[in-house]
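Residue-level structural notes
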Amino acid sequence: SSYFPSWVMHCTERTFVAIKPDGVHRGLIGRTIARLEDKGYSLVALKLLKPSRTLAESHYESLRSKPFFGDLVSFITSGPVCAMVWEGKDVIGQVRKLIGNTDPLTCAPGTIRGDFGIDIGRNIIHGSDSISSAEREIQLWFHSEELVDWNPSLHEWVYEKV
Ligand code: IDP
């Protein structure tokens, strides 16, 4: 008999989401957040920043050898970036689906990149692609005190009791 209701058990997965400078300049922060809220996910952390070169390079370190790496880092550091942590059941995989493929021209309508983007280097938004990258990226972009522990009242209506 835990103090917390049983649907909280569904909500332990977290992912890192960032609206890139093109999404911020185009005024897509509100609509992007609305899509994740509409699905039933909960915001755990949120900030607007101009990322340092060090932060951008470590975020994309797996792409360091790619020909577009330099342009990608300049673009991300131009800012602003809206950095967020979202929480909920299967949130990592589901946010990737809501975002769509890397190349917006191959995305289904209804996805964020499919609805708002055209070029691969201006694809609006980032979402972690695995549990390990989510953990790495959340630590990279946020201090632990910036992550807010709260118990959204909507969980009672989004999740079945287990
Ligand atoms: P993802 O963002 O869909 O996870 P990744 O392969 O991790 O895709 O690439 C990270 C970001 O690098 C992409 O979102 C995109 O902004 C940029 N990128 C990837 N491939 C290309 C490319 O071929 N040209 C230019 N930019 C690219």
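Residues numbered from 1 in each chain as written. Predicted model: local features only at pLDDT ≥ 70, side-chain atom pairs only at ≥ 80, totals over all residues. Heavy atoms only, no water.

**Quick word on helix α7 (residues 131-141)**
Within the span of α7, buried status applies to Ser133, Ala134, Glu137, Ile138 and Trp141. Along α7, the residues classed as buried sweep out an arc of 130 degrees about the axis, all on the same side. Across from the buried face of α7, at angles greater than 90 degrees, the exposed residues are Ile131, Ser132, Glu135 and Gln139. The secondary structure elements touched by the buried residues of α7 are β1 (14-19), β2 (42-49), α3 (53-59), β3 (81-87), α5 (91-99) and β4 (125-127). (Buried < 20%, exposed > 50% of the residue type's maximum accessible area, 1.4 Å probe, protein only. Helix = DSSP H or I, 4+ residues; strand = E, 2+ residues; numbered from the N terminus. Arc of directions from axis to C-beta. Contact = heavy atoms within 4.5 Å.)

**A short note on the site of the ligand**
Close to the ligand lie Lys20, Tyr60, Leu63, Phe68, Leu72, Arg96, Thr102, Arg113, Ile120 and Asn123. One of the side-chain N or O atoms of lysine 20 is found 2.9 Å from an oxygen atom in the ligand. Contact distances for the ligand include 2.6 Å between an oxygen atom and a side-chain N or O atom of threonine 102. Within the complex, the protein chains bury 74% of what would otherwise be the 530 Å² of accessible surface of the ligand. With respect to the detected pockets, the ligand is housed in the largest pocket. Its residues placed into classes, the shell around the ligand shows 5 nonpolar, 2 polar and 3 charged. (Near = heavy atom within 4 Å. Polar contact = N/O pair within 3.5 Å; in protein donor to acceptor, adjacent residues only side chain to side chain. Areas by Shrake-Rupley, 256 points an atom, 1.4 Å probe, with all protein chains shown as cover. 1 Å grid on protein atoms, 1.4 Å probe; cavity = no way out; pocket = protein on both sides within 12 Å on 5 of 7 lines; lining within 4 Å. Sits in = over half its atoms within 2 Å of the grid points. Nonpolar A, V, L, I, M, F, W, Y, C, P; charged D, E, K, R; others polar.)

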